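Now for the letters of each chain:
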Amino acid sequence: MLDPLRRRQQETGFQPYDDRLDTEHGKQKQTFGWQSLRLFTSALGGVVFGFAVEKSRVFEPSVIRDQMLFGRFVMMKVFLAASATSMFSFSILTMLPATSQLIASIRQARVCSLGSKGVLSSILGGAMLGTGMTLSGACPGMVLAQAGAGVSGAIYTLLGGFLGVACYGMMEPAIVRATKPDIPVEKHYLHQHVGGPYFTLAFPLVAVLGMVVFGLELYAPWTSEVPVAGKGILTSLSWPPYFAGIVIGLLQIPTVIMNCDTLGSSSSYCTIASQALQKVSPYLSRYSSGVDNWWQVFYVGGAVMGAYLSASSSGYLGHTAGVAPVLGCIGGALMLFGSRLAAGCTSGHGLSGMGLLSLLSLTAVPAMFAGGIATALVMNYYSDVDYAT
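Residues numbered from 1 in each chain as written. Predicted model: local features only at pLDDT ≥ 70, side-chain atom pairs only at ≥ 80, totals over all residues. Heavy atoms only, no water.

**Let's talk about the overall build of the protein chain**
What counts, and what does not: Runs of H or I in DSSP of at least four residues are treated as helices and runs of E of at least two as strands, each being numbered from the N terminus. For the radius of gyration, the atoms used are the C-alpha atoms, and the globule rule reads 2.2 Å times the number of residues raised to 0.38. Accessibility here uses a 1.4 Å probe with only protein chains present; expressed as a share of the type maximum, an area under 20% marks a residue as buried, one over 50% as exposed, and anything in between as partly exposed. In what follows, residue pairs with any heavy atoms lying within 4.5 Å of each other are defined as contacts. In this tally Asp and Glu are treated as negative and Lys and Arg as positive; neither His nor the chain ends contributes. Charged side chains are reduced to one point each, which is NZ for Lys, CZ for Arg, CG for Asp and CD for Glu.
A tally of regular secondary structure across the protein chain gives 19 helices and 0 strands. Its C-alpha atoms give the protein chain a radius of gyration of 20 Å, within 12% of the compact-globule value 21 Å for 389 residues. Along the three orthogonal principal directions, the C-alpha set of the protein chain runs to about 55 × 45 × 40 Å. Per-residue burial over the protein chain gives 54% buried out of 389 residues. Long-range contacts, defined as pairs at least 24 residues apart, comprise 80% of the intrachain contacts of the protein chain with a sequence gap of at least 6. Charge centroids of the protein chain, computed over 22 positive and 18 negative side chains, lie 4 Å from each other.

Below is the structure:
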């Protein structure tokens, strides 16, 4: 008997990464040297990500919560700038003969990985992710930057994240039975419904997102939303959020070329958790080995280092307040459980999925913000409660 993932691979014609690498990526073999280069490049990309996230100040719990209450727009500027840059990068890579097949393989891989997911799981998972983000003041990728920058209580959010992944791993068979769509989705991408090549729709959307970021900056200049101190790109306390978003979005290019994959972070929790739970969770056992899984662990590990270097360079290491341990733990569990239910996090759906015009990502992201905003409104209503450490 074939497992569901392998059956879906055969139905869609999807090839595992090793095979795709031989046929579509310069016929390079999965040698030790090539694997090492992939992991090194992923770690380096993570350092850049962590540095940019720390400089944008979007990793601060107060910034994330204020965004959900529309008090500050730093998070939205970073998010939309990174999404637009991801979309632009994918468009260029799609148009280049040397990389067009890599993008095609990535699209097939997403179809394969989302085989048991539908609108229901995207909405429920996205809403849980957003709720967890507001409670913890983090997201699966941001909490690694928080750990590197010395944010108090970040360890509790991380522990909660692993708890959420473990719970989902144990419950995954039942969850799939309850949420799997009766009729499989035939067209997974927006441009397939509109017609025409991907980039003919992507380029106009890049312009629209860019104009939204420009409008937000006119309405709320970034210098009025975050502290500005220091000089130089390395030692300054803050970067313009749109600049940080562009830097993050450009990381899609080396990720596509080196890993035939797109940016994400929540799968790394599965890989780490699988080292202890793979024997009791068939779902987590899929993530236990192979460079295809471990590259993301190296990426988020690099994010910790990047945030540490950034905070140290500006003299702000350990100066950012976190959230109460209980809220961090509960929020971390919800956001990772939700990420696995929706098959993607703020990076996997928000940057990569939206960048590829995935319909399920375009469903999950609004649900994420809806869950986060609703939770923030409730917390604000009970504002007499002390949510900080």
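**Here's the deal with helix H13 (residues 252–259)**
Residues of H13 that are buried: Gln252, Thr255, Val256, Met258 and Asn259. Downstream of H13 by a residue or two, cysteine 260 has a phi angle that is positive, lying close to 50 degrees.

**A few points about the side chain of asparagine 259**
Selection criterion: Throughout this description, a polar contact denotes any pair of N or O atoms lying within 3.5 Å of each other; where both atoms belong to protein, one of them has to be capable of donating a hydrogen while the other can accept it, and for residues adjacent in sequence the pair is counted only when both atoms sit in side chains.
Counting through the fold element by element, asparagine 259 comes out in helix H13. What makes asparagine 259 buried here is its relative accessible area of 4%. Within the structure, asparagine 259 has its side chain in polar contact with the side chain of arginine 38 (distance 3.0 Å).

**Some remarks on the pattern of salt bridges**
Convention followed: By definition, a salt bridge exists where a carboxyl oxygen of Asp or Glu is found within 4 Å of a side-chain nitrogen of Lys or Arg.
Within this structure, the stated rule accounts for 7 salt bridges. Across the pair lysine 77 and glutamate 217 runs a salt bridge, and its minimum N-O distance is 2.8 Å. Highlighted residues: lysine 77 in helix H5 (residues 74–95) and glutamate 217 in helix H11 (residues 198–219), separated in sequence by 140 residues. The class of lysine 77 is buried, set by a relative accessible area of 0%.

**A closer look at helix H6 (residues 97–113)**
Stated formally: The span one expects for a helix is its residue count, reduced by one, times 1.5 Å.
The end-to-end C-alpha distance of H6, which contains 17 residues, comes to 25 Å, matching closely the 24 Å that a straight helix rising 1.5 Å per residue would cover. Taken as a whole, H6 has its buried residues at Thr99, Leu102, Ile103, Ser105, Ile106, Arg107, Arg110, Val111 and Cys112.

**Observations regarding the environment of tryptophan 239**
Tracing the backbone shows tryptophan 239 in the loop between H11 and helix H12 (241–250). Not counting chain neighbours up to four residues away, the residues in contact with tryptophan 239 comprise Phe51, Ala52, Lys55, Ser56, Trp222, Ile233 and Ala244. Of the polar contacts made by the side chain of tryptophan 239, one reaches the backbone oxygen of isoleucine 233; its length is 2.8 Å.

**Remarks on empty space enclosed by the protein**
Take a probe with the size of a water molecule and roll it over the atoms, and the empty space left behind shows itself. Put simply, the rule reads: A cavity, in this analysis, means grid points on a 1 Å lattice covering only the protein atoms where a 1.4 Å probe fits yet has no way out; a pocket is instead an open set bounded by protein on both sides within 12 Å along at least five of seven lines, and a residue lines either one if it has an atom within 4 Å of a point. Grid points are joined across faces, edges and corners, and a volume is the space filled by probe spheres set on the points. Throughout, the ten residues Ala, Val, Leu, Ile, Met, Phe, Trp, Tyr, Cys and Pro are labelled nonpolar, Asp, Glu, Lys and Arg are labelled charged, and all others, Gly among them, are labelled polar.
Throughout the structure, instances matching the rule amount to 5 cavities of 30 Å³ or more. Estimates place the volume of the largest cavity at around 190 Å³. Along the walls of the largest cavity sit 15 residues, with Val78, Phe79, Cys139, Met142 and Thr346 positioned nearest its centre. Of all the secondary-structure elements, those providing two or more residues to the lining of the largest cavity are H5 and helix H18 (346–355). Here the residues of the lining of the largest cavity sort into 12 nonpolar, 3 polar and no charged. If you trace the second largest cavity, you find it lined by Thr41, Ser42, Gly45, Leu251, Pro254, Thr255, Asn259, Leu263, Trp295 and Tyr299.

**Focus: the environment of serine 152**
Structurally, serine 152 is set in the loop between helix H8 (142–149) and helix H9 (154–179). The partly exposed category is assigned to serine 152, whose relative accessible area is 32%. Each C-alpha atom, one on serine 152 and one on alanine 321, is 5.9 Å from the other, the two residues being 169 residues apart in sequence.

**A closer look at the nonpolar core**
Which entries qualify depends on this criterion: Nonpolar cores are built from buried Ala, Val, Leu, Ile, Met, Phe, Trp, Tyr and Cys residues. Side-chain atoms within 4.5 Å join them into one set.
Ranked by size, the top nonpolar core spans 84 residues in total, and within it Val53, Phe79, Ile248 and Phe369 carry the most contacts. Top element by residues in this core is H5. It accounts for 11 residues. Contacts of valine 53, omitting those with residues within four sequence positions, involve Val58, Phe59, Met142, Ala145 and Ile248.

**Re a nonpolar patch on the surface**
The criterion, for reference: Only residues whose relative accessible area exceeds 30% and that form no salt bridge are eligible for patches; like-charged ones are grouped when within 9 Å, while nonpolar side chains (Val, Leu, Ile, Met, Phe, Trp, Tyr) are grouped when within 5 Å. The protein chains shown are the only cover counted for residues, whose accessible areas, like all others here, come from Shrake-Rupley with a 1.4 Å probe.
Side chains of Phe88, Ile92, Met95 and Leu96 sit close together on the surface and give an oily, nonpolar patch of about 340 Å² of accessible area. Take phenylalanine 88: it is sitting in helix H5.

**Remarks on the side chain of glutamine 296**
With respect to the helices and strands, glutamine 296 occurs in helix H16 (residues 291–313). Residue classification places glutamine 296 among the buried residues on the basis of a relative accessible area of 7%. A polar contact of 3.4 Å, which involves the side chain of glutamine 296, links it to the backbone oxygen of glycine 264. A polar contact is formed between the side chain of glutamine 296 and the backbone nitrogen of serine 267, at a distance of 2.9 Å. Not counting chain neighbours up to four residues away, the residues in contact with glutamine 296 comprise Gly264, Ser265, Ser266, Ser267 and Ser268.

**Points about the packing of helix H14 (residues 266–277) against H16**
Definition in use: Interaxial angles span 0 to 180 degrees and are taken between N-to-C directions of axes, which are lines fitted to C-alpha atoms, for helices over the stretch in contact. For this classification, under 35 degrees means roughly parallel, over 145 means roughly antiparallel, 65 to 115 means roughly perpendicular, and everything else is oblique.
Two elements in contact, H14 and H16, have axes separated by 8 Å at closest approach and are oriented at 110 degrees. In terms of orientation, H14 lies roughly perpendicular with respect to H16. In contact with Ser266, Ser267, Ser268, Thr271, Ile272 and Gln275 of H14, H16 contributes Asn293, Trp294, Gln296, Val297 and Val300. The residue makeup of the contact of H14 with H16, split by class, is 4 nonpolar, 7 polar and no charged.

**Section: the packing of aromatic side chains**
Cut-off, in case you're wondering: Pairing of aromatic rings covers Phe, Tyr and Trp, the last counted by its six-membered ring, and requires centre-to-centre distances within 6.5 Å; plane angles under 30 degrees mean stacked, over 60 mean edge-to-face, and any other angle means tilted.
All chains considered together, the criterion is met by 13 aromatic pairs. When the ring of tyrosine 168 is compared with that of tyrosine 283, the centres are 5.1 Å apart and the planes differ by 75 degrees; the resulting orientation is edge-to-face. Of this pair, tyrosine 168 sits in helix H9 while tyrosine 283 is found in helix H15 (residues 282–285), placing the two residues 115 residues apart along the sequence. Residue classification places tyrosine 283 among the buried positions, given a relative accessible area of 6%. Taken together, the aromatic side chains of Tyr168, Tyr283, Tyr287 and Phe337 make up a single cluster linked through ring pairs.

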